[in-house]
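One letter stands for each residue in the lines below.
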Amino acid sequence: MDASVTGAKAESVSSESVPESVSSDSVPSDSVISLRGVRAELGSRPVLRGIDLTVRRGEVVALLGANGSGKSTAVRTVIGQVPVSAGEVELFGTPQRRFRDWARIGYVPQRTTAAGGVPATVTEIVSSGRLSRTRFGVFRKADREAVRHALDLVGMADRARDNVDALSGGQHQRVLIARALAAEPELLIMDEPMAGVDLASQEVLAQTLKDQVAADTTVLLVLHELGPLEPLIDRAVVLRDGCVQHDGPPPRALGQHALPGHDHVHPHAPAGAEPIRTGLLS
Amino acid sequence: MDFLNYAFMQRALLAAVLVGITAPAVGIYLVQRRQALMGDGIGHVAMTGVGLGFLLSWSPVWMATAISVLGAVTMELIRWYGRTRGDIALAMLFYGGMAGGVMFINLAPGGSNANLTSYLFGSLSTVSESDVTAICLLAAFVVVVTLGLRRQLFAVSQDEEFARVTGLPVRALNLLTAITAAVTVTVAMRVVGLLLVSALMVVPVAAAQQLSRSFAATFAIAVAIGVTVTIGGTVTSYYQDVPPGATIVLLTIAAFIALSVLAAPLARRRARALAAAQPAGDPAECAIPATRAAGDEVGV
Ligand SMILES: Nc1ncnc2c1ncn2[C@@H]1O[C@H](COP(=O)(O)OP(=O)(O)OP(=O)(O)O)[C@@H](O)[C@H]1O
Ligand SMILES: [Mg+2]
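Residues numbered from 1 in each chain as written. Chains lettered and ligands numbered in written order. Predicted model: local features only at pLDDT ≥ 70, side-chain atom pairs only at ≥ 80, totals over all residues. Heavy atoms only, no water.

Some words on the overall build of chain A
Put simply, the rule reads: We count a stretch as a helix when DSSP gives it H or I for four or more residues in a row; a strand needs E for two or more, and each element gets its number in order from the N terminus. For each residue, the accessible area found with a 1.4 Å probe, counting protein chains only, is set against the maximum for its type, and the residue is called buried under 20%, exposed over 50%, and partly exposed in between. The criterion used for residue contact is that any of the two residues' heavy atoms lie within 4.5 Å.
If you tally the helices and strands in chain A, you get six helices and ten strands. Classification of the 282 residues of chain A by burial places 49% in the buried group. For chain A, the share of sequence-separated contacts (at least 6 apart) that also reach a separation of at least 24 residues comes to 65%.

Quick look at the structure:
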């Protein structure tokens, strides 16, 4: 929120791909996700109260905010799982309602404990992420290889034939990420992909994501802590009570302490410096 | 094997095999989406179809197919729209279907509850030539759907929201599952009966799960169990003069118990085999460090 914390990467992106002349209410042609004035209710309770969010091609955008601030709901309006009561949602320049090209999107839902009532192997779960690339669900050699490759990317290839019920929470999460990667999507939408994933695996996944981004994949992810992903993130959008509170360079310090509402001292601040007071609590 | 010389037994065995294949093949998706009792609900609704068949002198099998497909589609619609009062609506559908069946069959000329009994509990000896034709056609439909669309149905039954984001026609697939379940109920009606159908959809799947780690293996084992118990039950009922439906269902439950008892030692053996295959550098027990490392020396 402070121009001085703008990361080098964010600067280069904004100077390259966003002409200064673009006014805020016209959508740049290269926007992959565009939410304008989006409102949504869940059980007659307003959860999103007019959100604007644009993700351009090749960008990595982090969606931050406290529990219940509407991050998952915002993400689910993008993929059409929550009805929008006002505003517009566009995917790849097409109104969400008319969007059919689902193979371009890989989705990682927020950790669900709901397993099916029948055992299924890791490969079987990840294969369902590949369906959108097949014709009538017939798997060819290339499809099976894509599934194997996706498992390799998250480091779960050695568990390919195991029952998903026999995995730990973090391993399960990595399987869900592999399922999203299996379709080789252009846009990855991930709701807290790192929840419960240990630091070493987070770094593996960060590297995976980096390779994806280098191959021109666009990423929108919900996070609580930037963690090893921090260097990848071009822009952060902070939600609070269903409104966008901040849209700009990612907070420098790690995790929630960087969010508004917290005092923090930058690690590079001179010793004895006053904490920067940004919050209501100070 | 003298029973093979009788035409009625040939028909009965053919019907039994088809039921043994189709009921678990559909049931596995119902179990996966935790709607194990859907088959039971459809069975109740199908009774109205049987009653109408008698009343209008049409084939009870085809009439039951039509009504149970209608009922299954209604159940699916209730699941979409009637979230809060859904279970009440379903209860009315089930018991309305059952009451309708009893009412129509008693209105039919010369009809009585006795006619209904053979549909409720199955009656192999009365399976007619035209019944077998109907059962073959319906079973073919069920097999084509459950095998041909197995990846799609698996995805939808495993994680509906994700399936929607991969662009699968989730509503159409849910409807198709419901319709296929309804068709299966009528396939199985003559063999195990409407009230016992659900057991053959659910119990072989539960039994197969005791042994399997994958969906594909569960599917194969469940169908194998289904075919074994339906043939076994049919032959037993020929020799012992016991009702086939009840025999088949009791055999299925026996298979479930036997596999549950077997599962534990099998799993232990598998674990031992796995441990033996591990390289020697990976001991089965933790090595206890001589001295505890200080907290900040331990890498996490
Ligand atoms: N199915 C639902 N019905 C009614 N209200 C809901 C429903 N799901 C979520 N909400 C409400 O909507 C608000 C936003 O929820 P959302 O899941 O978007 O939060 P979030 O920012 O993703 O939080 P978290 O960090 O815990 O994942 C919450 O206050 C929640 O109570
Ligand atoms: Mg959430």
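Regarding the interface of chain B and chain A
The condition is simple: Summed over both partners, the accessible area (1.4 Å probe) lost when two parts come together is defined as the buried area. A side-chain nitrogen of Lys or Arg and a carboxyl oxygen of Asp or Glu constitute a salt bridge if their distance falls within 4 Å. Polar contacts, as counted here, are pairs of nitrogen or oxygen atoms within 3.5 Å of one another; within protein the pair requires one atom able to donate a hydrogen and one able to accept it, and residues that are adjacent in sequence qualify only if both atoms are side-chain atoms.
Contacts between the two partners involve 25 residues from chain B, matched on the other side by 28 residues from chain A. Between chain B and chain A, roughly 2,400 Å² of surface is buried when both sides are summed, and carbon and sulfur atoms account for 56% of that area. Interface area lost by chain B to chain A is led by Arg151, Phe162 and Val165 of chain B, which between them contribute 28%. For the interface between chain B and chain A, the tally reads two salt bridges. In this assembly, chain B and chain A are joined by ten residue pairs in polar contact (both at pLDDT 80 or more). Listed by contribution, the elements that provide at least two residues to the side of chain B that touches chain A are helix H1 (7–32), helix H7 (150–158), helix H8 (160–165), helix H10 (197–209) and helix H11 (215–240) of chain B. The biggest single contributor to the side of chain B that touches chain A is H7 of chain B, with five residues.

Observations regarding the nonpolar core
What counts, and what does not: Here, nonpolar core means buried Ala, Val, Leu, Ile, Met, Phe, Trp, Tyr and Cys residues that are tied together by side-chain atoms lying within 4.5 Å of each other.
Counting 120 residues, the largest nonpolar core has Val126, Leu221, Leu223 and Leu229 of chain A as its most contacted members. The greatest single-element share of this core, amounting to 14 residues, is contributed by H1 of chain B. Each residue touching Leu221 of chain A, except ones within four places of it in the same chain, is listed here: Val61, Ala62, Leu63, Met190, Pro193, Leu209, Leu229 and Ile233 of chain A. Ranked by size, the runner-up nonpolar core spans 31 residues in total, among them Leu35, Leu53 and Val61 of chain A together with Val165 of chain B.

What about the site of ligand 1?
Residue and element names in this part refer to chain A. How we decide: Any residue with a heavy atom lying within 4 Å of a molecule or strand is counted as near it. Here the term charged refers only to Asp, Glu, Lys and Arg, the term nonpolar to Ala, Val, Leu, Ile, Met, Phe, Trp, Tyr, Cys and Pro, and the term polar to all other amino acids, Gly among them.
Lining the immediate environment of ligand 1, one finds 14 residues, of which Asn67, Gly68, Lys71, Ser72 and Thr73 sit closest. Contact distances for ligand 1 include 3.3 Å between an oxygen atom and a side-chain N or O atom of Arg45. Within the side chain of Gln110, an N or O atom sits 2.9 Å from an oxygen atom of ligand 1. Breaking the shell around ligand 1 down by element, the ones donating at least two residues are strand E2 (45–56) and helix H2 (71–78). Element by element, the count of residues in the shell around ligand 1 is highest for H2, at three residues. Among the residues making up the shell around ligand 1, the classes are represented as three nonpolar, eight polar and three charged.

Overview of the packing of aromatic side chains
By convention here, two paired aromatic rings are described through the distance between centres and the angle between planes. Note the threshold: What counts as a ring pair is set by centres within 6.5 Å for rings of Phe, Tyr and Trp (its six-membered ring), and what kind of pair is set by the plane angle: stacked under 30 degrees, edge-to-face over 60, tilted for all other angles. When the NZ atom of lysine or the CZ atom of arginine is within 6 Å of a ring's centre and also within 35 degrees of its normal, the charge is said to sit over that ring.
Evaluation of the coordinates by the stated rule reveals ten aromatic pairs over all chains. An angle of 65 degrees between the planes, with centres 6.5 Å apart, marks the rings of Tyr29 of chain B and Phe219 of chain B as edge-to-face. Remark: Phe219 of chain B occurs in helix H11 and Tyr29 of chain B occurs in helix H1; sequence separation between them is 190 residues. When sorted by exposure, Tyr29 of chain B lands in the same class as Phe219 of chain B, which is buried. Here Tyr238 of chain B and Tyr239 of chain B contribute two aromatic rings whose centre-to-centre distance is 5.0 Å and whose plane-to-plane angle is 80 degrees, an arrangement assigned as edge-to-face. The class for Tyr238 of chain B is partly exposed, based on a relative accessible area of 23%. Take Tyr239 of chain B: its relative accessible area is 46%, and that puts it in the partly exposed class. Through pairs of rings, three or more aromatic residues link up here, namely Tyr6, Phe8, Tyr238 and Tyr239 of chain B. Across from the ring centre of Phe92 of chain A, 3.9 Å away, lies the NZ or CZ of Arg104 of chain A, which sits over that ring. Just above the ring of Phe139 of chain A sits the side chain of Arg151 of chain B; from NZ or CZ to the centre is 3.7 Å.

Digging into the coordination of the magnesium ion (ligand 2)
Residue and element names in this part refer to chain A. Our working definition: Listed donors are limited to N, O and S atoms within 2.8 Å of the metal, widened to 3.2 Å for Na, K and Ca; water is not among them, so incomplete-looking sites are possible.
Note on the magnesium ion (ligand 2): its protein donors are Ser72 (OG) and Gln110 (OE1). The metal-donor distances range over 1.9 to 2.2 Å. Of this pair, Ser72 sits in helix H2 while Gln110 sits in the loop between strand E6 (105–108) and helix H3 (122–128), and the two are 38 residues apart along the sequence. Looking at Ser72, the relative accessible area reads 19%, which means it is buried. For Gln110, a relative accessible area of 32% corresponds to the partly exposed category.

Digging into the pairing of strand E9 (residues 235–240) of chain A
All names here are of chain A. Filter applied, for reference: In short, DSSP must find at least two bridges between two strands for them to pair.
Among the six residues of E9, five are classified as buried, and the element is accordingly described as predominantly covered. Pairing of strand E3 (residues 60–65) with E9, which is carried by five bridges, proceeds in the parallel orientation. Bridge pairing links Leu64 to Val238 in E9. Across five bridges, E9 lies against strand E10 (residues 243–248) in antiparallel orientation. When the sheet's bridge partners are listed, Arg240 is paired in E10 with Cys243.

Considerations on the confidence of the model for chain A
Residue and element names in this part refer to chain A. Condition: The quantity known as pLDDT measures the predictor's confidence residue by residue, on a range of 0 to 100.
Summarising the model, chain A shows a mean pLDDT of 79, and 77% of its residues fall at 70 or more. This model gives residues 254–259 a pLDDT under 50, and the stretch forms 17 contacts once residues within four places in sequence are excluded. Low confidence marks residues 261–282, where pLDDT is under 50. Its contacts with residues over four positions away, or in another chain, come to 27 contacts.

So, the sheet that holds strand E5 (residues 94–95) of chain A
Residues and elements named next belong to chain A. Put simply, the rule is: The convention used is that axes are lines fitted to C-alpha atoms, helices contributing only their stretch in contact, and that angles between N-to-C directions extend from 0 to 180 degrees.
A sheet is described by the order of its strands in space; here four strands give the open sequence E2-E1-E4-E5, paired in antiparallel fashion. Unpaired on one side and paired on the other, E2 and E5 mark the two borders of the sheet. Here strand E4 (residues 86–91) pairs with E5 via two bridges, running antiparallel. Directly across from Glu90, in E5, lies its bridge partner Pro95. Set on the sheet, H2 makes contact with strand E1 (31–42), E2 and E4; between it and E1 the angle comes to about 120 degrees.

Focus on empty space enclosed by the protein
Residue and element names in this part refer to chain A. The criterion, for reference: With a 1 Å grid spanning the protein atoms alone, the term cavity applies to any set of points in which a 1.4 Å probe fits but cannot get out, the term pocket to an open set with protein on both sides within 12 Å along at least five of seven lines, and the term lining residue to any residue with an atom within 4 Å of a point. Grid points are joined across faces, edges and corners, and a volume is the space filled by probe spheres set on the points.
Tallied over the entire structure, the rule returns four cavities of 30 Å³ or more. The space that makes up the largest cavity amounts to roughly 60 Å³. If you go around the largest cavity, the residues you meet are Ile177, Leu181, Met190, Pro193, Met194, Leu205, Thr208 and Leu209. Those elements that place two or more of their residues in the lining of the largest cavity are helix H5 (169–181) and helix H6 (199–214). Classifying every residue of the lining of the largest cavity gives seven nonpolar, one polar and no charged.

Details of the pattern of salt bridges
Inspection of the entire model under this criterion finds 20 salt bridges over all chains. A salt bridge links Arg130 of chain A to Asp143 of chain A; the nearest nitrogen and oxygen atoms lie 2.9 Å apart. With Arg130 of chain A in the loop between H3 and helix H4 (141–153) and Asp143 of chain A in helix H4, this pair connects stretches of sequence that are 13 residues apart. Like Arg130 of chain A, the residue Asp143 of chain A is buried in the burial classification. With a closest N to O distance of 3.5 Å, Glu129 of chain B and Arg11 of chain B form a salt bridge. One end of the pair, Glu129 of chain B, is in helix H6 (residues 129–148); the other, Arg11 of chain B, is in helix H1, with 118 residues separating them in the sequence. By sharing partners, the salt bridges in this structure join Arg57, Asp101, Arg104, Glu186 and Asp216 of chain A into a single network.

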